[in-house]
Amino acid sequence: MKRVSILAAVAMALAAAVPARAETLTMLSSWDESYNAVPVFAQEFAKRLTEKSGGELSVEMRGPETVPPFEQLQPVSAGLFNMLFTHGAYHLGETTMAFGMDAVKDDPQARRESGIYDLIDAHYQQRNLKLIGVFSAASGYHILLKNPIAEDGALKGRKIRASGTYHDLVNELGGSVVTLPASEIYSALERGVVDGAAWPVFGAMDYKWYEVAGYMTRPTFGITNLSLFMNLDTWNGLSAEQQVMVTDIAKELEIEGRKHFEGLWAKEDKAMQDAGLAITEFGPDVAGKVDGIFAAGVWKQVEDKAGDDGKAFHKLALEKNLTAQ
């Protein structure tokens, strides 16, 4: 018995001495690294995870060239990839739950403490996904136009390239929606296929849309939020310590990344104007309503397509004073 105990102790000691098996996770991103949110949030998350795990966990990035942006939720849910960095509007055909964050006030700590993330997480777990973090770009959206706002003060009669993020807003302001991938916006503006394009306030410099559009609308509306998900089976396969590590890194970047984007926004706004993009203001009867129109459109989609979960999300955001509508 004594010999058996000694052998068991030796075996345990040897097992403890063997380093944990290194694991490489694949992160699917809806954008390539030319979109500045990718290095600030996705790549920085990957870097910190490798560092803090001592190399036990690393992340291999895959971009939209691997899977088109609007088709990425399902393969991550199925476990073909381990993580997904995306925007909630990119999977509106499946659920609108994360999209609701674009109508939630830009306060990372208050949002975490409100219980909103728990509701979103529970909703996506039904799709075998775990919500890891939601990252604010500290700015919202605008519309790039070939010609300035006219006497209508809105978008009457204009064809606007818009993803699901902006459909209700564009329609409410009298425009018509044209659906195009980001890669086709430049040529569509250049050839007059569209009269404008709705996009986060970041991006015109990276994609050089200022070469084919002369104006950008103000005031801006909503808040751009990027979501990070993990396949639920992958999450459950992590140790408790690794799960805490992953969550802590996301919390850090929710605060630090937002601050970084505040500085980027100031620089980009100046750069866009220096490049020739002039500001065109919505009319006085429209300008004060734009943000509310956008939020109302977001919540309509959230409640219509995410059912009771979406209604609970909207209700909680109102109770916590985290949304205007």
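Refer to the structure printed above.
Draft legend 1. A look at helix α10 (residues 240–274). Here α10 spans 50 Å end to end across 35 residues, near enough to the 51 Å set by a 1.5 Å rise per residue. Along its length, α10 reaches its greatest deviation from straightness, about 25 degrees, at Leu 253. Directly beyond the C-terminal end of α10, a positive phi value near 115 degrees is found at Gly 276.

Draft legend 2. Spotlight on the pattern of salt bridges. Summed over all chains, the structure comprises 13 salt bridges. Note that Arg 62 and Glu 60 form a salt bridge whose closest N and O atoms lie 2.4 Å from each other. For Arg 62, a relative accessible area of 29% translates into the label partly exposed. Linking Lys 300 and Asp 304 is a salt bridge whose minimum nitrogen-to-oxygen distance equals 3.4 Å. With Lys 300 and Asp 304 both in helix α12 (residues 290–319), this residue pair falls four residues apart, about one helical turn. Salt bridges here are not isolated pairs; linked through shared partners, they connect Glu 44, Arg 48, Lys 52, Glu 252 and Glu 256.

Draft legend 3. Expanded view of the sheet that holds strand β5 (residues 141–145). Judged by pairing direction, the sheet is mixed, and its six strands sit side by side in the order β7-β6-β8-β5-β9-β11 without closing on themselves. Each edge of the open sheet is held by one strand with a lone partner, namely β7 (176–178) and β11 (278–281). In this sheet, adjacent strand axes meet at a mean angle of 35 degrees when their direction is disregarded. Note: strand β6 (residues 159–161) against strand β8 (residues 196–200), two bridges, orientation parallel. The partner of Ile 160 across the bridge, within β8, is Gly 196.

Draft legend 4. Highlighting the sheet that holds strand β4 (residues 129–136). Taken together, five strands build an open sheet; the order of strands is β2-β1-β3-β10-β4 and the sheet is mixed. The open sheet has two free edges, formed respectively by β2 (57–62) and β4, since each of these has just one partner strand. Put simply, the sheet's adjacent strands are angled 25 degrees from each other on average, direction ignored. Pairing of β4 with strand β10 (residues 225–231) involves seven bridges; the strand directions are antiparallel. When the bridges of β10 are listed, Leu 129 appears paired with Asn 231.

Draft legend 5. Summary view of α12. Under the 1.5 Å per step criterion, the end-to-end length of α12 is only 22 Å for 30 residues, more than 12% shorter than the ideal 44 Å. Of all the bends in α12, the greatest, near 145 degrees, is centred on Gly 307. Residue Asn 321 follows α12 closely and has a positive phi angle near 60 degrees.

Draft legend 6. Geometry of unusual backbone geometry. Here the residue pair Arg 218 and Pro 219 is connected by a cis peptide bond, since its omega of 5 degrees sits within 30 degrees of zero. Residue position: Pro 219 is located in the loop between β9 (215–218) and β10. For Asn 128, which is not glycine, the phi torsion reads 65 degrees and is therefore positive. Here Asn 128 shows up in the loop between α5 (116–125) and β4. Not every positive phi belongs to a glycine, and Lys 208 is a case in point at roughly 60 degrees. Turning to its location among the elements, Lys 208 is positioned in the loop between α8 (204–207) and β9.

Draft legend 7. Representation of the environment of Ala 137. The topology assignment puts Ala 137 in the loop between β4 and β5. Distance from Ala 137 to Trp 265, taken between C-alpha atoms, is 8.6 Å for residues 128 residues apart in sequence. Apart from residues no more than four positions distant in its own chain, Ala 137 is found in contact with Phe 202, Thr 224 and Phe 261.

Draft legend 8. Quick peek at the nonpolar core. Core analysis: the largest hydrophobic core is formed by 99 residues, its most contacted members being Phe 41, Phe 45, Leu 49, Phe 85, Ile 116 and Phe 313. When residues in this core are grouped by element, the largest group, ten residues, is from α12. Sequence-distant contacts of Phe 313, that is, excluding residues within four places in its chain, are made with Met 97, Gly 100, Met 101, Val 104, Ile 116, Leu 119, Ile 120, Trp 299 and Val 302.

Draft legend 9. Focus on the packing of aromatic side chains. Summed over all chains, the structure comprises 16 aromatic pairs. Ring geometry for Phe 70 and Tyr 90: centres 5.0 Å apart, planes at 70 degrees, overall edge-to-face. With Phe 70 in the loop between β2 and α3 (73–77) and Tyr 90 in the loop between β3 (83–86) and α4 (108–114), this residue pair connects regions lying 20 residues apart in the sequence. Overall, the relative accessible area of 13% leaves Tyr 90 in the buried class. Relative to Trp 209, the ring of Tyr 207 has its centre 4.6 Å away and its plane inclined at 10 degrees; by these criteria the two rings are stacked. Overall, the relative accessible area of 23% leaves Tyr 207 in the partly exposed class.

Draft legend 10. Inspection of the side chain of Arg 158 at higher detail. Relative to the elements of secondary structure, Arg 158 occurs in the loop between β5 and β6. Of the polar contacts made by the side chain of Arg 158, one reaches the backbone oxygen of Asn 147; its length is 2.8 Å. Dropping the residues within four chain positions of it, Arg 158 is found in contact with Leu 145, Asn 147, Pro 148, Ile 149, Ala 150, Gly 174, Gly 175, Ser 176 and Asp 195.

Parameters at a glance
- Sequence order sets the numbering: in each chain, residues are counted from 1 along the sequence as written.
- Per-residue local features of the predicted model are confined to residues with pLDDT of at least 70, and side-chain atom pairs are confined, for both listing and counting, to 80 or more; whole-chain, interface and lining totals are unaffected and use all residues.
- In computing side-chain properties, one takes all heavy atoms of the structure into account and sets aside hydrogens as well as water.
- By definition, any uninterrupted DSSP run of H or I lasting at least four residues is a helix, any uninterrupted run of E lasting at least two residues is a strand, and each is numbered from the N terminus.
- To estimate how far a helix should extend, the number of its residues minus one is multiplied by 1.5 Å.
- Take the seven residues that end at a residue and the seven that start at it, fit an axis to each, and the angle between those axes is the bend at that residue.
- We define a salt bridge as a side-chain nitrogen of Lys or Arg found within 4 Å of a carboxyl oxygen belonging to Asp or Glu.
- Using a 1.4 Å probe on the protein chains alone, a residue whose accessible area is under 20% of its type maximum counts as buried, one over 50% counts as exposed, and one in between counts as partly exposed.
- Two strands make a pair as long as DSSP finds a minimum of two bridges between them.
- The axes are straight lines fitted to the C-alpha atoms, using for helices just the contacting stretch, and the angles between their N-to-C directions are given from 0 to 180°.
- Two residues qualify as a contact provided that any one of their heavy atoms is within 4.5 Å of a heavy atom in the partner residue.
- Side-chain atoms within 4.5 Å are what join buried Ala, Val, Leu, Ile, Met, Phe, Trp, Tyr and Cys residues into a set we call a nonpolar core.
- In summary, the pairing rule links any two rings of Phe, Tyr or Trp, Trp by its six-membered ring, whose centres are within 6.5 Å, and it sorts them by plane angle into stacked for under 30 degrees, edge-to-face for over 60 and tilted for everything else.
- For this analysis, a polar contact is any N or O atom pair within 3.5 Å, provided that within protein one partner can donate a hydrogen and the other can accept it, and provided that sequence-adjacent residues contribute only side-chain to side-chain pairs.

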